[in-house]
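The residues making up each chain are set out below.
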Amino acid sequence: MAIFSVYVVNKAGGLIYQLDHYAPRSDTEKTFSYPLDLVLRPRDERVVVAFGQRDGIRVGHAVLAINGAEVNGRLTADGKDVLEFLANPANYPVSIRFGRHRLSSNEKLMLASMFHSLFAIGSQLSPEVGSSGIEMLETDTFKLHCFQTLTGTARSARLCRAAKGSALLTLLFVLPGIKFVVLADPRQAGIDALLRKIYEIYSDYALKNPFYSLEMPIRCELFDQNLKLALEAAEKAGPFGPGS
């Protein structure tokens, strides 16, 4: 069992905390002779396998390292274009490590914002009033669990004045609470209790920190430490208590 990562999304959909707790190892490193028997193409500032699969290397895997040195997008560690480097016979034999690319900070920010929007859409699509939104998404390799706090606040906004008369059109809406998102192995137990535990840790070590500002990124050492302890406890023992 494993818990892969934790995201905390504020009321506006901004990512204010993210932790990669466990990443399954799927990297494959091989030594190749010229010519390279894989077709590589640039995609989203990375070089990925477009055709050809062998020895654990799959279409879509990105080039992560060349000769033991990590690549930086489409560039080698010394600033050379990856595709040009691999097209030169003089650079062979060459050792290449392939695997699933790591999400950048900007990609994590974008995905958190997208999930915030999907959560709101899920709530709006509900045939019943007061839907909680998306609480779980399941795939064959992981489950996404979401817990939203009930700390939303009511706001009213005056939209416009009628063309005739003095009536004002007023809209009353409720801002959502903080979202705590956990990505875990589909077989991992006790996630509901873990989400509540993370909320407790957030309340105790972020909200009560005099140097922390609401809705801003969480940079509290005690929050980090206690969150990691909670994740380890969840992986070893499953539920934290009754009702999980």
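Conventions we followed
Residues numbered from 1 in each chain as written. Predicted model: local features only at pLDDT ≥ 70, side-chain atom pairs only at ≥ 80, totals over all residues. Heavy atoms only, no water. Helix = DSSP H or I, 4+ residues; strand = E, 2+ residues; numbered from the N terminus. Buried < 20%, exposed > 50% of the residue type's maximum accessible area, 1.4 Å probe, protein only. Contact = heavy atoms within 4.5 Å. Pairing = 2+ DSSP bridges. Axes fitted to C-alpha atoms, helices over the stretch in contact; angles between N-to-C directions. Polar contact = N/O pair within 3.5 Å; in protein donor to acceptor, adjacent residues only side chain to side chain. Patch = residues over 30% accessible without salt bridge, like charges linked within 9 Å, V, L, I, M, F, W, Y side chains within 5 Å. Areas by Shrake-Rupley, 256 points an atom, 1.4 Å probe, with all protein chains shown as cover. Salt bridge = Lys/Arg side-chain N within 4 Å of Asp/Glu carboxyl O. Expected span 1.5 Å × (residues − 1). Phe/Tyr/Trp six-rings, centres within 6.5 Å; stacked < 30°, edge-to-face > 60°.

### Digging into the side chain of His61
Position of His61 among the secondary structure elements: in the loop between β5 (46-51) and β6 (62-66). Relative accessible area serves as the criterion here: at 13%, His61 is assigned to the buried category. Sequence-distant contacts of His61, defined by excluding residues within four places in its chain, comprise Ser26, Val47, Val48, Val49, Gly56, Phe98, Gly99 and Arg100.

### Observations concerning the pairing of strand β4 (residues 39-43)
Pairing geometry for β4 and β5, over 5 bridges, is antiparallel. Note on β5: the bridge partner recorded for Val39 is Phe51.

### Some points on the sheet that holds strand β10 (residues 143-148)
Overall, antiparallel pairing links the 5 strands, which are arranged β2-β1-β13-β10-β9 in an open sheet. Two strands in the sheet have a free side with no partner beyond their single neighbour: β2 (15-20) and β9 (136-138). Pairwise comparison of adjacent strand axes, ignoring direction, gives a mean angle of 10 degrees for this sheet. Judged from the 6 bridges that link them, β10 and strand β13 (residues 179-184) form a sheet pairing that is antiparallel. Opposite His145, over in β13, you have Val182 as the bridge partner.

### Some thoughts on the environment of Tyr92
Tracing the backbone through its elements, the reader meets Tyr92 in the loop between α1 (82-86) and β8 (94-99). Measuring from C-alpha to C-alpha, the distance between Tyr92 and Ser33 comes to 5.7 Å, with 59 residues separating the pair along the chain. In this view, Tyr92 contacts Phe32, Ser33, Tyr34, Leu36 and Leu86; residues no more than four positions away in its chain are not counted. Separated by 2.5 Å, the side chain of Tyr92 and the backbone oxygen of Leu86 make a polar contact.

### A word on a nonpolar patch on the surface
A cluster of nonpolar residues, Met110, Leu111 and Met114, forms a patch on the protein surface that exposes about 270 Å² of accessible area. Along the chain, the position of Leu111 falls in helix α2 (residues 105-125). Judged by relative accessible area, Leu111 falls into the partly exposed class, the value being 37%.

### Some points on α2
Because each turn of an α-helix spans 3.6 residues, side chains separated by three or four positions end up pointing in the same direction. Here α2 contains 21 residues, and its C-alpha end-to-end distance of 30 Å stays within 8% of the 30 Å for a straight helix at 1.5 Å per residue. Along α2, the residues classified as buried are Glu107, Lys108, Ala112, Phe115, His116 and Phe119. At its buried positions, α2 is contacted by β1 (3-9), β2, β5, β9, β10 and β13.

### Some points on the packing of aromatic side chains
For the coordinates displayed, the defined rule picks out 7 aromatic pairs. Residues Tyr17 and Phe223 carry aromatic rings whose centres are separated by 4.9 Å and whose planes lie at 85 degrees to one another, so their mutual orientation is edge-to-face. Here Tyr17, found in strand β2, pairs with Phe223, found in helix α4 (residues 221-237); they are 206 residues apart in sequence, far enough to count as distant. The class for Tyr17 is buried, based on a relative accessible area of 8%. Under the relative-accessibility criterion, Phe223 is labelled buried at 1%.

Function cannot be read off these values alone, since they describe shape.
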